[in-house]
Amino acid sequence: KEDAEEAFSEAIARFQKLTKEFPKKALYHRQLGETYLALGNHSRSWPEAKDTFEDAERALSRAIELDRNDAELYSLRGQAYARMSENEKAADDYARAVDLEPSNASRHHTLGHFLFHANDPNVRDKVRALKHEKKAVELAPRNPQFRSSLGRMYWHGPHDRDRALQELQTAIEL
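The following refers to the structure shown. (Residues numbered from 1 in each chain as written. Predicted model: local features only at pLDDT ≥ 70, side-chain atom pairs only at ≥ 80, totals over all residues. Heavy atoms only, no water.)

So, the overall build of the protein
- When helices and strands are counted, the protein shows nine helices and zero strands.
- Ordering the α and β elements of the protein from the N terminus gives α-α-α-α-α-α-α-α-α.
- Principal axes of the C-alpha set define a box for the protein whose edges measure 55 × 35 × 35 Å.
- Out of the 174 residues in the protein, the part that is buried amounts to 43%.
- A separation threshold of at least 6 residues defines the contact pool for the protein, and within that pool the share at least 24 residues apart is 49%.
- Placing the 28 positive and 30 negative side-chain charges of the protein at their respective mean positions leaves the two points 3 Å apart. (Helix = DSSP H or I, 4+ residues; strand = E, 2+ residues; numbered from the N terminus. Buried < 20%, exposed > 50% of the residue type's maximum accessible area, 1.4 Å probe, protein only. Contact = heavy atoms within 4.5 Å. Lys, Arg positive; Asp, Glu negative; His and termini not counted. Charge placed at Lys NZ, Arg CZ, Asp CG, Glu CD.)

Here's the deal with the side chain of His109
- Tracing the backbone shows His109 in helix α6 (residues 105–117).
- A polar contact is formed between the side chain of His109 and the side chain of Glu133, at a distance of 2.7 Å.
- Discounting chain neighbours no more than four positions away, the residues touching His109 are His132, Glu133, Ala136, Gln145, Phe146 and Ser149. (Polar contact = N/O pair within 3.5 Å; in protein donor to acceptor, adjacent residues only side chain to side chain.)

Structural notes on helix α2 (residues 26–42)
- For α2, with 17 residues, the first-to-last C-alpha span of 24 Å sits near the 24 Å given by 1.5 Å per residue.
- Considered for burial, the residues of α2 that qualify are Ala26, Tyr28, His29, Leu32, Gly33, Thr35, Tyr36, Leu37, Leu39 and Gly40.
- Of the surrounding secondary structure, the elements contacted by the buried residues of α2 are α1 (2–21), α3 (46–66) and α4 (71–83). (Expected span 1.5 Å × (residues − 1).)

Encoded structure:
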């Protein structure tokens, strides 16, 4: 664990230096944000992880200021918001990523999965989640993860057991 934390600290220091040297380079802010996300996911202590996710959000927000059309930036910042339980902001960022890349199956899957499993009942939307997961499968029909997720949504959402089993069986066969 100490080696990993040391590696994260070194990477953060390197990207902080780069963001100071090249403040208008979105890539370096993105890499800083991604490193904070990874560190937060690695952390075992919530107060420490929360601070790290806040750092990730700030770095990714700066990257978005510099490049508003990069769907991955919104998806990454959505992860930071989700980890901090800022569910409405996370859903908005995941939706923005879909808007920017409507033919990207992973964007639909991420939004669908988040909406289906959101802890906040004001954000949870199983109907919209199912729509996005179906779109993910339509765009990437041979992806077993998307098929499995769609099957679970049918099982736990509209309780369409036949369709759920069909999707799960297809996932297994892939």
